[in-house]
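# Reading the structure
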Amino acid sequence: MGTDLHDLLRSLRVWDPAVTELPPFDPAAAPAEPLPLFTTWFAQAVAAGQTEPHTMSLATSDEAGLPDVRIVMLHGADADGWSFATHSTSRKGGQLAARPYAALAFYWPVLGRQVRVRGPVTAAPSQESQSDLHARSTGALAAALTGRQSEVLESVEELARGSQAAWDRAQQEPDAPVPSWTLYRLRPDAVEFFQGDERRRHVRLNYRRGEGGWSTELLWP
């Protein structure tokens, strides 16, 4: 295979029938609130074999309003919001402190589906954040203990030394505290569900939160 970017782009297919099934989606049958539909779609993505369905794009902005985006892991979704975690001292932690509003995007190509979520973000209490961290794997704790996320790294050798020390401590102290580790919750103002269609008649159902609760609207693809 060549390395010309434009040739590579033209050779690719979207929603190849060999790996993708585009299920029907009737928005008239959707629940009154977005969380039950998200839970159903997530479970269906898992059942369909979607790799890493719990990963999502997290978009934030800095003090100047400039956008930033990265991939993070969903830690949960309930009546309090969609949750994720990071160091409060990281770049995204600083951006959320300056502008506590964010957007999430899930993409499950095996079903041709996207879910977009946006709303204000709040930090959970420290005890809850630590409980969330210690319920995860040793590797997750080691990564959190390594710390210094988004700081300038002098060399890969420095990373290796810091990482090894963190792994050793995580194995010896499975309840080791990481004060900067913070669980964040995004309470959605809007949640959009996108179902792809092979004839490009994509179905887009958008939930909007108002004073009286949730309302829905269809959007042109």
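Above: the structure in question.
Everything in this summary refers to the structure shown in the same document. None of these values were measured; they are calculated from a predicted model. (Residues numbered from 1 in each chain as written. Predicted model: local features only at pLDDT ≥ 70, side-chain atom pairs only at ≥ 80, totals over all residues. Heavy atoms only, no water.)

### Here we look at the pairing of strand β10 (residues 213-219)
- In terms of strand pairing, strand β9 (residues 203-210) meets β10 through seven bridges, oriented antiparallel. From the neighbouring strand, R208 faces β10, where its bridge partner is S215.
- Between the end of β9 and the start of β10, which pair antiparallel, lie two residues. (Pairing = 2+ DSSP bridges. Helix = DSSP H or I, 4+ residues; strand = E, 2+ residues; numbered from the N terminus.)

### Some thoughts on a nonpolar patch on the surface
- There is a patch of nonpolar side chains on the surface, built from L5, L9 and L12 and spanning about 330 Å² of accessible area.
- Assignment of secondary structure puts L5 in helix α1 (residues 5-11). (Patch = residues over 30% accessible without salt bridge, like charges linked within 9 Å, V, L, I, M, F, W, Y side chains within 5 Å. Areas by Shrake-Rupley, 256 points an atom, 1.4 Å probe, with all protein chains shown as cover. Salt bridge = Lys/Arg side-chain N within 4 Å of Asp/Glu carboxyl O.)

### Some words on the packing of aromatic side chains
- Counted by the stated rule, this structure contains 11 aromatic pairs.
- Relative to W82, the ring of F38 has its centre 5.3 Å away and its plane inclined at 75°; by these criteria the two rings are edge-to-face. Pair noted here: F38 is in helix α2 (residues 34-47) and W82 is in strand β4 (residues 81-87), with a separation of 44 residues, a long-range link.
- Take W82: its relative accessible area is 1%, and that puts it in the buried class.
- Among the aromatic residues, ring-to-ring pairing joins F25, W41, F193, Y207 and W214 into one connected group.
- In this structure, R113 packs its charged tip against the face of W41, placed 4.0 Å from the ring centre. (Phe/Tyr/Trp six-rings, centres within 6.5 Å; stacked < 30°, edge-to-face > 60°. Buried < 20%, exposed > 50% of the residue type's maximum accessible area, 1.4 Å probe, protein only. Lys NZ or Arg CZ within 6 Å of the ring centre and 35° of its normal.)

### Focus: unusual backbone geometry
- Located in the positive-phi region is W15, a residue other than glycine, with phi close to 55°.
- Structurally, W15 can be placed in the loop between α1 and α2.
- Here S150, not a glycine, exhibits a phi torsion of approximately 80°, which is positive.
- Its place among the elements puts S150 in the loop between α5 (138-146) and α6 (156-172).

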